[in-house]
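Structural description and commentary
Take a look at the letters that make up each chain.
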Amino acid sequence: MRDLRLLCKSVFSNVESSSYVGFANLPNQVHRKSVKKGFEFTLMVVGESGLGKSTLVNSLFLSDLYPERVIPNAIEKQNMTVKLDASTVEIEERGVKLRLTVVDTPGFGDAIDNSDSFSAILEYIDEQYERFLRDESGLNRRNIVDNRIHCCFYFISPFGHGLKPLDIEFMKKLHCKVNIVPVIAKADVLTKKEIQRLKCRIMQEIEDNGIKIYPLPDCDSDEDEDYKEQVRQLKEAVPFAVCGSTTLLEVKGRKVRGRLYPWGVVEVENPEHCDFIKLRTMLITHMQDLQEVTQEVHYENYRSERLAKSVRKNTNSVIKEDAAVPGESLTEKDRILREKEEEIRRMQEKLAQMQAKFQAQK
């Protein structure tokens with residue numbers, strides 16, 4: 001009887017093992033490897049001086065990214081040009097490491113003539129794409145540092161009646177190069193009705209001017225209802241009306257981060273007071289998607305343009321050589337050029353499909 005039980009146990013264990021391969025543990029391997037390697041993310045903040053950009057970033061990541069910031073006076077601001085200031089900090093939370101780089105743009109929108117205020121920003125974004133392309137094409141590709149801009153918070157003043165001409169021109173210049181997330185700064189100066197009215201006006205102007213902001217991805221049908229509701233609320237909250245603060249205040253026996261006014265306290269992390277929690281939730285829960293859109297859409301767009309320019313340059317040089325040396329065989333060069341042109345065509349088709357897919361998700 002004992003031998004029969006052992007035989008049955010052996011048969012069932014063999015059946016169970018034969019129906020189980022083990023690849024269900026692959027996500028655990030990816031998780032361990034990702035945690036060990038750490039994560040990289042680059043955030044750019046753009047907006048006029050005095051809108052609370054630095055305070056908001058420090059509030060989002062509970063860090064002081066600008067310990068040595070020197071604020072220029074009014075006379076110095078008149079002569080300031082737009083410069084870019086990149087600050088990197090290593091953040092660790094529950095064993096997960098994040099290498100966060102925040103690129104600030106002091107001087108943007110502060111001059112009397114701002115017609116050339118975004119050229120330095122465009123140049124910086126292209127420089128990071130060019131550096132990544134050069135590193136990716138090099139011999140040693142093991143330790144490539146990704147400094148491409150994955151997300152851009154564009155701060156809109158709450159004191160106007162919508163977007164300024166500078167806001168529209170800037171976003172139209174950058175929406176094909178970076179993921180733009182519009183943010184209404186210092187929302188505590190507006191009432192709830194004023195915020196809702198300003199949001200509707202901004203979104204209407206964004207649509208009228210053909211500006212493409214970062215589209216939050218749609219949920220899959222198998223997602224749970226709580227996550228679907230969260231994404232729906234985040235989509236409705238765009239542009240995010242926020243206010244930041246790193247000051248701890250005591251309200252009804254509990255510590256909160258907020259701003260103290262004679263009439264009361266504005267709690268930064270209270271959803272009834274501002275969209276700070278929604279903005280942070282969007283950034284954290286969609287950080288991977290922001291990186292994927294940067295890689296698959298914006299970077300591929302830049303890469304295909306660079307290859308197209310390279311092919312045109314080589315084609316012109318071949319034509320010149322052919323004219324200088326008549327009768328010389330250039331079949332090998334022609335073959336290489338045709339291969340490059342074919343590769344560019346495939347990349348452009350793939351890029352068009354990706355852009356159509358992301359446009360359909362909006």
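Let us look at the structure shown here. (Residues numbered from 1 in each chain as written. Predicted model: local features only at pLDDT ≥ 70, side-chain atom pairs only at ≥ 80, totals over all residues. Heavy atoms only, no water.)

Here's the deal with the overall build of the protein
Keep this limit in mind: To qualify as a helix, a DSSP run of H or I must reach at least 4 residues; to qualify as a strand, a run of E must reach at least 2; elements of each kind are numbered from the N terminus. Burial status follows relative accessibility: with a 1.4 Å probe on protein chains alone, a residue under 20% of its type maximum counts as buried, one over 50% as exposed, and anything between as partly exposed. The contact rule is simple, with two residues in contact once any of their heavy atoms fall within 4.5 Å. Note on areas: Shrake-Rupley, 1.4 Å probe, and residue coverage restricted to the protein chains presented here.
When you go through the protein residue by residue, the secondary structure sums to eleven helices and nine strands. Residue burial in the protein is summarised as follows: out of 362 residues, 39% are buried. Taking all contacts inside the protein whose residues are at least 6 apart in sequence as the whole, residues at least 24 apart take part in 71%. A total of about 22300 Å² of accessible surface is found on the protein, and carbon and sulfur atoms cover 51% of it.

What about the sheet that holds strand β9 (residues 264-267)?
In plain terms, the rule: Two strands qualify as a pair provided DSSP detects at least 2 bridges between them. Comment: axis = line fitted to C-alpha atoms, over the contacting stretch for helices; angle = value between 0 and 180 degrees taken between N-to-C directions.
Pairing is antiparallel across the open sheet formed by three strands, whose spatial order is β7-β8-β9. Taken across any chain shown, the strands that pair with only one partner, and hence form the sheet edges, are β7 (248-251) and β9. Going across the sheet, the axis of each strand differs from the next one's by a mean of 70 degrees, ignoring polarity. The sheet contact formed by β7 and strand β8 (residues 254-261) spans four bridges and is antiparallel. Counted as the bridge partner of Leu248 is Arg257 from β8.

So, the packing of helix α5 (residues 119-136) against helix α6 (residues 165-174)
For any two helices packed against each other, one specifies the inter-axial angle together with the distance between the axes. Applied cut-off: With respect to orientation, any angle under 35 degrees is reported as roughly parallel, any angle over 145 as roughly antiparallel, any angle of 65 to 115 as roughly perpendicular, and every other angle as oblique. Handedness of a crossing follows from how the near helix is turned relative to the far one, being left-handed for an anticlockwise turn of less than a right angle and right-handed for a clockwise one. Note on residue classes: Ala, Val, Leu, Ile, Met, Phe, Trp, Tyr, Cys and Pro are nonpolar, Asp, Glu, Lys and Arg are charged, and everything else, Gly too, is polar.
Put simply, α5 and α6 touch, their axes get as near as 11 Å, and they point 20 degrees apart. With respect to α6, the axis of α5 lies roughly parallel. When the axes of α5 and α6 are compared, the crossing they make is right-handed. Residues Ile121, Leu122 and Ile125 of α5 touch α6, and the partners they reach there are Phe170, Lys173 and Leu174. In terms of residue class, the contact of α5 with α6 is built from five nonpolar, no polar and one charged.

What to know about the side chain of Ser245
Filter applied, for reference: Between N or O atoms, a polar contact is any pair within 3.5 Å; within protein, one atom must be a potential hydrogen donor and the other a potential acceptor, and residues adjacent in sequence are included only when both atoms are from side chains.
Within the secondary structure layout, Ser245 lies in the loop between β6 (240-241) and β7. A polar contact is formed between the side chain of Ser245 and the backbone nitrogen of Thr247, at a distance of 3.2 Å.

What about the pattern of salt bridges?
The following threshold applies: We count a salt bridge whenever a side-chain nitrogen from Lys or Arg sits within 4 Å of a carboxyl oxygen from Asp or Glu.
Using the criterion set out here, one finds 15 salt bridges in the structure. For Asp126, the salt bridge goes to Lys177, with nearest N and O atoms at 2.9 Å. Here the residue Asp126 occupies a position in helix α5, and Lys177 occupies one in the loop between α6 and β5 (180-184), the gap between them amounting to 51 residues. Using a relative accessible area of 22% as the deciding quantity, one classes Asp126 as partly exposed. Residue Lys177 is classed as partly exposed on the basis of its relative accessible area, which comes to 21%. Of the charged contacts, one joins Arg232 and Glu236 as a salt bridge, the two residues approaching to 2.6 Å between their closest N and O atoms.

Regarding the pairing of strand β3 (residues 96-104)
Pairing of strand β1 (residues 39-46) with β3, which is carried by seven bridges, proceeds in the parallel orientation. Paired with Phe41 across the two strands is Leu100, which belongs to β3. In this structure, strand β2 (residues 85-93) lies alongside β3, joined through nine bridges in antiparallel fashion. Bridge pairing in β3 places Val89 opposite Leu100. The turn linking β2 back onto β3 is made up of two residues, and Arg94 within it adopts a positive phi angle of 55 degrees.

Considering unusual backbone geometry
Here Val238 and Pro239 are connected by a cis peptide whose omega angle stands at -5 degrees. Inspection of the secondary structure puts Pro239 in the loop between α8 (225-237) and β6. Here the phi dihedral of Lys186 falls at roughly 50 degrees; this positive angle occurs in a residue that is not glycine. By secondary structure assignment, the location of Lys186 is in the loop between β5 and α7 (192-208). Judged by its relative accessible area of 33%, Lys186 falls in the partly exposed class. Positive phi, normally seen in glycine, also occurs at Lys252, with a value near 55 degrees. Here Lys252 is to be found in the loop between β7 and β8. Here Lys252 falls in the exposed class, since its relative accessible area comes to 84%.

Don't take any of this as a statement about function, it's just geometry.
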